[in-house]
Every structure is written in structure tokens, then in C-alpha cells.
Amino acid sequence: MKIKRIGVMTTGGDAPGMNAAIRAVVRSARYRGLEVVGIERGYAGLIDGSMKILDVRSVSGIINKGGTILHTVRSKEFRQKIYRKRAYEHLREHKIDGLVVIGGDGSLHGSLSMYKESGIPCIVIPATIDNDLPKTDYTIGFDTAVNTAVDAIDKIRDTATSHERVFIVEVMGREHGFLALEVGLVSGAEVIMIPEIKTNIKKVIKSLEDGRRRGKSSSIIVTAEGAGNPNSIADEISKNTKMDVRVTILGHIQRGGTPSAFSRMLACKFGAEAVRLLCEGRYNRMVGIVGKTIVSFPIADVVKGKKSINYSDYNLAQIFAI
Ligand code: F6P
């Protein structure tokens, strides 16, 4: 089948670099003589038919913008077949014969259902600050979120040092610790708490006290949102030590902002690769990067895969926290 018109949409949580990816898809498609339809609000827009033609000028000036010009929704309706059927009708109505879905876990599962049920060729571009998708070293947005969190922690450290406090800084990541681990390592955190490694609070308290004995007057604990309630951890430390403890939850600040050069670079390369795969008839795949190589894998394999955290990075952080 020769693809003539493709759809592009963003789903799940926004990630810095999504706009750069939309631009890359639109311009690569133009280069290959394809038309592009932008689907607004992800799967929700597919269900209600919110679509518009994206010409080359419609993506001008967005490579450096956070968020997504197409908007995004976490659609519960798309989980039901009756709504998915409506989405397929809209795709046919708009003569869309291939789809590029930019997003995280939900994009993968949604695309898999679409391809199985309607035969519409899909390519997923991984974009989430959580970096929790298998088969790719990095997702669009992760590097920017790491930089945003590190910048915030550098500022928090000024107060921690001045007041000789312990700061517990919670970062996002859903049920994974990829973001927390990288942020913790490069911000020089004394303790990193991630869901993949069970935290022993007694050990944490002992390491904070040992640090004080070795002359540390303040400490930063970076904790993943999936690793437990930071306020309970703060209470435990306060109850058992004389340390002054504060909690900062970084929250959605990590999702916004200007995409870093690395997030934009992934967006450019993933966008071009997604369009190339559709043109070459290599459907139902997720693009990714392994080392410096742009790769792609069947979505069915990606959803079965599991990404493991880098335990040696965790050990390094512990060595450096002396
Ligand atoms: O998947 C990205 C993410 O930011 C997670 O880290 C976080 O758990 C979740 O989205 C928050 O989602 P929402 O913005 O819908 O509350």
C-alpha cells in the first residue's frame, strides 16, 4: 500500500520536545510528498474527529517550545472498543492511511489495539519525561526534565547549606526511578530513593548521621514519586534525629519548558525515522535510540519488554555521597 496521507498526534503526559517531533514528522512527510493531518488531544481527538491539515508553515517556530501544539489528553474512552471504532471511522473519513503517535506507554498500547483492530499502520515515537519505555535508551523529554530538576536542586542546595538542613526532593517518574536516579547522581544527592530498590529508612537515617559526623552540615535526598510518601520519610528522620528536614515536591515544573538540545535532537531523528518507516511499509514499530544508533522494534515486543535501571549508577551515587 502506498501511503499518501498520515496523521500525527501526541498522547499521555506532555514532554519537552514533542513539538520538535511534530515539526520533524510534518517536514519529513513533505519531503517525501505526503500530506499530514494533525489530530488534536490524542486519542480523544481521534474519537471525536478533531483534525486539521498541518502544512509546512504550521510547524514554524515550535522546535524550541515545550508542551504540544496538538494538545494531549489521557483518554479513558479509547480503552473501550466502541469508542475505538468511532476513531477508525474518522481515520477512514479523513483518508488517513498511516499514523505517527508521539507519547509514552499509552501510545504503545493504543497503537497496538488500532493496528490489530483496524489495520491502520502505526509508528510510535517515544516521548515521556519518565524514560520508562523498553528498547530505547532515551525518550524525548527525559533529558530536559533531568536538567530542570537538577537546576531546581542546585537552588535548593543553597538553602540546605545555609540552614544546615536535610531536603527531600521528590521528582516524577510514575512507578519507576529512571528520572530520580539520573537527577540524584548528577545533582550530588546524598541519598536516592527509587521504587526499584527497597528503602530501609533506618539505613538512610544512619547514613545521614554518619555524614554529619564526617562534617556534612546538610544533605539532599532525591526520591522518586513511586518510592513512598516524602512527608512520612521526613517525619521519620525528624523523629529520630535532631536534623531540620524540609520536603519539596518538584511536580509539573519538570514537564514544561524549552526542550534541551538532546531532546530536540531525538525529536528530529525519531520524526524522520517514523516517516521513513511508514513509507517503506515497516509498520507497527516504535523508534528509539540505542547508543548512538536510531533503531526500531515491533510495538508488540516493546510492550512485552522491561527496562531495567542502571544499578551501577546507583552504586556510583552512593560512593560519591561520602
Ligand atoms: O508520565 C509523565 C508523568 O509526568 C509522570 O511522571 C507522572 O506520574 C504523571 O505523568 C502525572 O500525570 P498528570 O499530569 O496526568 O497528573
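About the criteria used
Residues numbered from 1 in each chain as written. Predicted model: local features only at pLDDT ≥ 70, side-chain atom pairs only at ≥ 80, totals over all residues. Heavy atoms only, no water. Domains from an automatic or database assignment. Contact = heavy atoms within 4.5 Å. Buried area = accessible area lost by both parts, 1.4 Å probe. Salt bridge = Lys/Arg side-chain N within 4 Å of Asp/Glu carboxyl O. Polar contact = N/O pair within 3.5 Å; in protein donor to acceptor, adjacent residues only side chain to side chain. Helix = DSSP H or I, 4+ residues; strand = E, 2+ residues; numbered from the N terminus. Buried < 20%, exposed > 50% of the residue type's maximum accessible area, 1.4 Å probe, protein only. Near = heavy atom within 4 Å. Areas by Shrake-Rupley, 256 points an atom, 1.4 Å probe, with all protein chains shown as cover. Nonpolar A, V, L, I, M, F, W, Y, C, P; charged D, E, K, R; others polar. Pairing = 2+ DSSP bridges. Axes fitted to C-alpha atoms, helices over the stretch in contact; angles between N-to-C directions. Phe/Tyr/Trp six-rings, centres within 6.5 Å; stacked < 30°, edge-to-face > 60°. Lys NZ or Arg CZ within 6 Å of the ring centre and 35° of its normal. Parallel < 35°, antiparallel > 145°, perpendicular 65-115°, else oblique.

Topic: the domain arrangement of the protein chain
Piece 1. Domain assignment breaks the protein chain into domain 1 (5-141 + 259-304) and domain 2 (143-255).
Piece 2. Summarising the inter-unit geometry, the C-alpha centres of domain 1 and domain 2 are found 34 Å apart.
Piece 3. On the domain 2 side, the residues contacting the 14 residues of domain 1 number 12 residues.
Piece 4. Approximately 1200 Å² of surface area, both sides summed, lies buried where domain 1 meets domain 2, with 48% of it carried by carbon and sulfur atoms.
Piece 5. Sorting the residues of domain 1 by area buried against domain 2 places I129, D130 and D132 first, and these three jointly supply 43% of that buried surface.
Piece 6. The interface formed by domain 1 and domain 2 holds 2 salt bridges in total.
Piece 7. A salt bridge links D14 to R255, with the shortest nitrogen-to-oxygen separation between them at 2.7 Å.
Piece 8. At the junction of domain 1 with domain 2, the criterion picks out 7 residue pairs in polar contact (both at pLDDT 80 or more).

Considering unusual backbone geometry
Piece 1. Here R41, not a glycine, exhibits a phi torsion of approximately 60°, which is positive.
Piece 2. As for its position among the elements, R41 is in the loop between β2 (35-39) and α2 (42-48).
Piece 3. A relative accessible area of 29% means that R41 is categorised as partly exposed.
Piece 4. Of note in the backbone geometry, N284 takes a positive phi value of approximately 60° without being a glycine.

A look at the site of the ligand
Piece 1. The full set of residues close to the ligand is R74, I129, D130, M172, G173, R174, E225, H252 and R255.
Piece 2. At a separation of 3.0 Å, an oxygen atom of the ligand approaches a polar backbone atom of G173.
Piece 3. A distance of 2.5 Å separates an oxygen atom of the ligand from a polar atom in the side chain of E225.
Piece 4. For the ligand, whose free accessible area comes to 400 Å², the fraction covered by protein is 74%.
Piece 5. Counted by class, the shell around the ligand contains 2 nonpolar, 2 polar and 5 charged residues.
Piece 6. Mapping the shell around the ligand onto the domain boundaries places at least three of its residues in each of domain 1 (5-141 + 259-304) and domain 2 (143-255).

Focus: the sheet that holds strand β9 (residues 245-249)
Piece 1. Pairing within the open sheet is parallel, and its 4 strands lie in the order β7-β8-β6-β9. Every other strand in the sheet has two partners, leaving β7 (191-193) and β9 as the edge strands with one partner each. Strand-to-strand twist across the sheet, computed as the mean angle between neighbouring axes with direction ignored, equals 20°.
Piece 2. Note that strand β6 (residues 166-171) and strand β8 (residues 219-224) share 6 bridges and pair parallel. Across the sheet, residue V166 finds its bridge partner in β8, namely S219.
Piece 3. Docked against the sheet, helix α6 (residues 178-187) engages β6, β7 and β8, running at close to 165° with respect to β8.

Focus: the packing of aromatic side chains
Piece 1. Per the counting criterion, the structure on display carries 3 aromatic pairs.
Piece 2. With 5.3 Å between their ring centres and 90° between their planes, Y138 and F262 make a pair best called edge-to-face. Here Y138, found in the loop between β5 (122-126) and α5 (142-163), pairs with F262, found in helix α9 (residues 261-279); they are 124 residues apart in sequence, far enough to count as distant.
Piece 3. Ring pairs connect the aromatic residues Y138, F142 and F262, which therefore count as one cluster.
Piece 4. Cation over ring: K135 sits above F297, and NZ or CZ is 5.1 Å from the ring centre.
Piece 5. Across from the ring centre of F178, 5.6 Å away, lies the NZ or CZ of K307, which sits over that ring.

Topic: the pairing of strand β4 (residues 98-103)
Two faces make up the sheet, and in a regular strand the side chains alternate between them.
Piece 1. Burial analysis of β4 places 6 of its 6 residues in the buried class, which makes it a mostly covered element.
Piece 2. With burial as the criterion, each face of β4 is covered, one bearing G98, V100 and I102 and the other bearing L99, V101 and G103.
Piece 3. With 5 bridges joining them, strand β1 (residues 5-10) and β4 adopt parallel strand pairing. Across the sheet, residue V8 finds its bridge partner in β4, namely V100.
Piece 4. As defined by bridge partners, β4 adjoins β5 across 5 bridges and the pair is classed as parallel. Bridge pairing in β5 links I102 to I125.

Some details on the packing of helix α3 (residues 81-93) against helix α4 (residues 105-118)
Piece 1. Running from amino to carboxyl end, α3 crosses α4 at an angle of 70°, the nearest separation of the two axes being 11 Å. When the axes of α3 and α4 are compared, the pair comes out roughly perpendicular. Counting all contacts with α3, which are made through K81, R84, Y88 and L91, the residues of α4 involved are S113, M114, E117 and S118.

Overview of the pattern of salt bridges
Piece 1. Following the criterion strictly, the structure yields 17 salt bridges and no others.
Piece 2. With its nearest N and O atoms 2.7 Å apart, the salt bridge here joins R84 to E117. Taken as a pair, R84 in helix α3 and E117 in helix α4 lie far apart in primary sequence, 33 residues in all.
Piece 3. Classification of R84 by relative accessible area gives buried; the value is 9%.
Piece 4. A salt bridge links D210 to K206; the nearest nitrogen and oxygen atoms lie 2.9 Å apart. Of the two residues, D210 and K206 both sit in helix α7 (residues 201-213), 4 residues apart, roughly one turn of that helix.
Piece 5. Within the structure, one salt-bridge network assembled from shared partners comprises R157, E190 and K216.

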